[in-house]
Amino acid sequence: MNQQPTTKPVLQSVPPATRFVQVVIAALLLLFVLISPADGGDGDPEGLPVLSISVLQFGTAHWELGHILNWELDHENGYQLELKLVANLPASRLAVTSGSVNGAVADLLWAQSRFQAGTPYLYVPFSSQIGDIVVAENSGIESVADLVGKRIGVAGGPDSKGWILLLKVAARLGINLAESADVQFAAPPLLSQALKRGQVDAIVTYWHFAARLKGEGGWRSAFGMADLLTAMDLDRNLPMLGYVFPADWAENHGPLMDRFAASLRQAKVDLANEESHWQKLRPLMRSPATGVFHALRKGFVAGTPAPLTDQRIADLHRLLALTGADPENLMPAELFYRRQP
């Protein structure tokens, strides 16, 4: 009888020691996958802490944040900046309130409203620009009193800071401007067009829309919002816009806030002193014509906020009360970031 050849099994038995090593390696690989940070996690490939900020694609804050990224000022200051571009302010605010980003840009009144609602935010100063009152170059409007009987376009709504300040200053002069002028509220681009068409005599608009008009030629400032602050005995250089971060989160990431603030200071100095830096930012400014480009640059630099002092914080509190905030429930001083190098 012929003997059948012996067939070796396809799977060889593995020694226990070898099998143990394989199991350990597989477990380590799985653990590595599970703990590797996802996008927007606690660190980037270089091990730097990540700071994520929601910003309008063509917003003015994107200019200085873009400069930080262009020149890696974030890495230089020991962190990684990540931007989430959004189309409008509600989307930006939703991003920070939902926790999908660490911070966003907001105005002082929004930060105050969040504080009153029980969700405080740390406020890192960004810009002291409020807005401008723009008229035709040949207009006779030079002061608040000259607005009586005129057609005024106001950006935003009745609760906008600029309009409230204008009403307060007019009231000091004995003028009820809401009743003595023809007032229309609309979006800034529509107001610019209305002014060009002669449908209004003056517009109270955001500074960058005013800068575009003045850069085109034929338009000028009747007076600025800073003049209204002076008329109300307030400091002219108050940070009306800021980067906002949930207060609890910011307290737990104090060193990261300091690094971010340091890069902001460096960016503002660069942009104020070197016009060539702005050429890289021109696409973020919608590639404006030369006159508009220079007007925007000048306006941005002019809005660099002065360091916060006790007096400036007191003036911010007064301004909040003037614009309708509860004077007994104002943002405390510790929510205004003021550390200096």
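Please refer to the structure higher up on the page.
Description of the structure in this document. (Residues numbered from 1 in each chain as written. Predicted model: local features only at pLDDT ≥ 70, side-chain atom pairs only at ≥ 80, totals over all residues. Heavy atoms only, no water.)

1. Some points on the pattern of salt bridges
Here the structure, examined in full by the defined rule, presents ten salt bridges. When the shortest N-O distance is used, the salt bridge between K196 and E216 registers 3.0 Å. With a gap of 20 residues between them, K196 in helix 8 (residues 188–196) and E216 in helix 9 (residues 207–216) connect regions that are remote in the sequence. Residue class for K196 comes out partly exposed when judged on its relative accessible area of 37%. E216 gets classed as partly exposed once you look at its relative accessible area, which sits at 46%. D310 is the salt-bridge partner of R338, the closest N and O atoms lying 2.8 Å from each other. Note that R338 is positioned in the segment after helix 14 (310–322) and D310 in helix 14, a separation of 28 residues in sequence. (Salt bridge = Lys/Arg side-chain N within 4 Å of Asp/Glu carboxyl O. Helix = DSSP H or I, 4+ residues; strand = E, 2+ residues; numbered from the N terminus. Buried < 20%, exposed > 50% of the residue type's maximum accessible area, 1.4 Å probe, protein only.)

2. Considerations on the nonpolar core
Core analysis: the largest hydrophobic core is formed by 50 residues, its most contacted members being L108, L166 and L177. Residue contributions to this core peak at five residues, all from helix 6 (residues 161–172). When we break this core down by domain, the ones giving at least three residues each are domain 1 (50–128 + 237–335) and domain 2 (131–232). Those residues within four positions of L166 in sequence are excluded, and the remaining contacts are V144, L147, L177, V204, F223 and L228. If you look at the next biggest cluster of nonpolar residues, it comprises 36 residues, including Y243, F245, A250 and M285. (Core = buried A, V, L, I, M, F, W, Y, C linked by side-chain atoms within 4.5 Å. Domains from an automatic or database assignment. Contact = heavy atoms within 4.5 Å.)

3. Thoughts on the environment of R312
Residue placement: R312 occurs in helix 14. With a relative accessible area of 18%, R312 lands in the buried category. Along the sequence, R312 and N237 sit 75 residues apart, while their C-alpha atoms lie 8.3 Å from each other. Polar side-chain contacts of R312 include one of 2.8 Å to the backbone oxygen of P307. (Polar contact = N/O pair within 3.5 Å; in protein donor to acceptor, adjacent residues only side chain to side chain.)

4. Regarding the packing of helix 2 (residues 60–70) against helix 12 (residues 254–273)
How two helices sit against one another is set out by the angle between their axes and by the gap between those axes. Closest axis-to-axis distance for the helix 2/helix 12 pair is 9 Å, and the angle between their directions is 100°. In terms of orientation, helix 2 lies roughly perpendicular with respect to helix 12. Contact with helix 2, carried on its side by E64, L65, H67 and I68, involves F260, S263, L264, A267, K268, D270 and L271 of helix 12 and no other residues of that element. (Axes fitted to C-alpha atoms, helices over the stretch in contact; angles between N-to-C directions. Parallel < 35°, antiparallel > 145°, perpendicular 65-115°, else oblique.)

5. So, the pairing of strand 9 (residues 219–224)
Counting buried positions along strand 9 yields five of six residues, so the element is predominantly enclosed. Taken together, the five bridges between strand 5 (residues 132–136) and strand 9 define a ladder with antiparallel strand orientation. Bridged to A136 within strand 9 is W219. (Pairing = 2+ DSSP bridges.)

6. Focus: the sheet that holds strand 8 (residues 202–205)
With mixed pairing, five strands are arranged side by side in an open sheet as 7-6-8-5-9. Only two strands of the sheet have a single partner each, and these edge strands are strand 7 (182–186) and strand 9. In this sheet, adjacent strand axes meet at a mean angle of 25° when their direction is disregarded. Where strand 6 (residues 151–155) meets strand 7, five bridges bridge the pair, whose relative direction is parallel. When the sheet's bridge partners are listed, A155 is paired in strand 7 with A186.

7. A few points about the sheet that holds strand 1 (residues 50–56)
Within the open sheet, the five strands sit side by side as 2-1-3-10-4. Their pairing is mixed. Edge positions in the sheet fall to strand 2 (80–86) and strand 4 (121–127), since each has one partner strand and no second. In this sheet, neighbouring strand axes are inclined to one another by 35° on average, regardless of whether the strands run parallel or antiparallel. In this sheet, strand 2 lies alongside strand 1 in parallel orientation, the contact comprising seven bridges. Bridge pairing in strand 2 places V50 opposite Q80. Against the sheet, helix 12 contacts strand 1, strand 4 and strand 10 (241–246), and its axis sits at roughly 50° relative to strand 1.

8. Topic: the environment of G303
Among the secondary structure elements, G303 is positioned in the loop between helix 13 (290–302) and helix 14. Along the chain, G303 and P239 lie 64 residues apart, while their C-alpha atoms are 8.4 Å from each other. If near-sequence neighbours (up to four positions away) are discounted, G303 is found in contact with F126, S127, S128 and Q129.

9. Regarding helix 6
Taking 1.5 Å as the rise per residue, helix 6 with twelve residues should run 16 Å; its terminal C-alpha atoms sit 17 Å apart, in good agreement. The set of residues buried in helix 6 consists of K161, G162, W163, I164, L165, L166, V169 and A170. Among the residues trailing helix 6, G174 stands out with phi positive, at a value near 80°. (Expected span 1.5 Å × (residues − 1).)

10. Brief notes about unusual backbone geometry
Look at R286: it is not a glycine, yet its phi comes out positive at around 70°. Along the chain, the position of R286 falls in the loop between helix 12 and helix 13. Positive phi is not limited to glycine here, since S287 has a value of about 45°. Within the secondary structure layout, S287 lies in the loop between helix 12 and helix 13.

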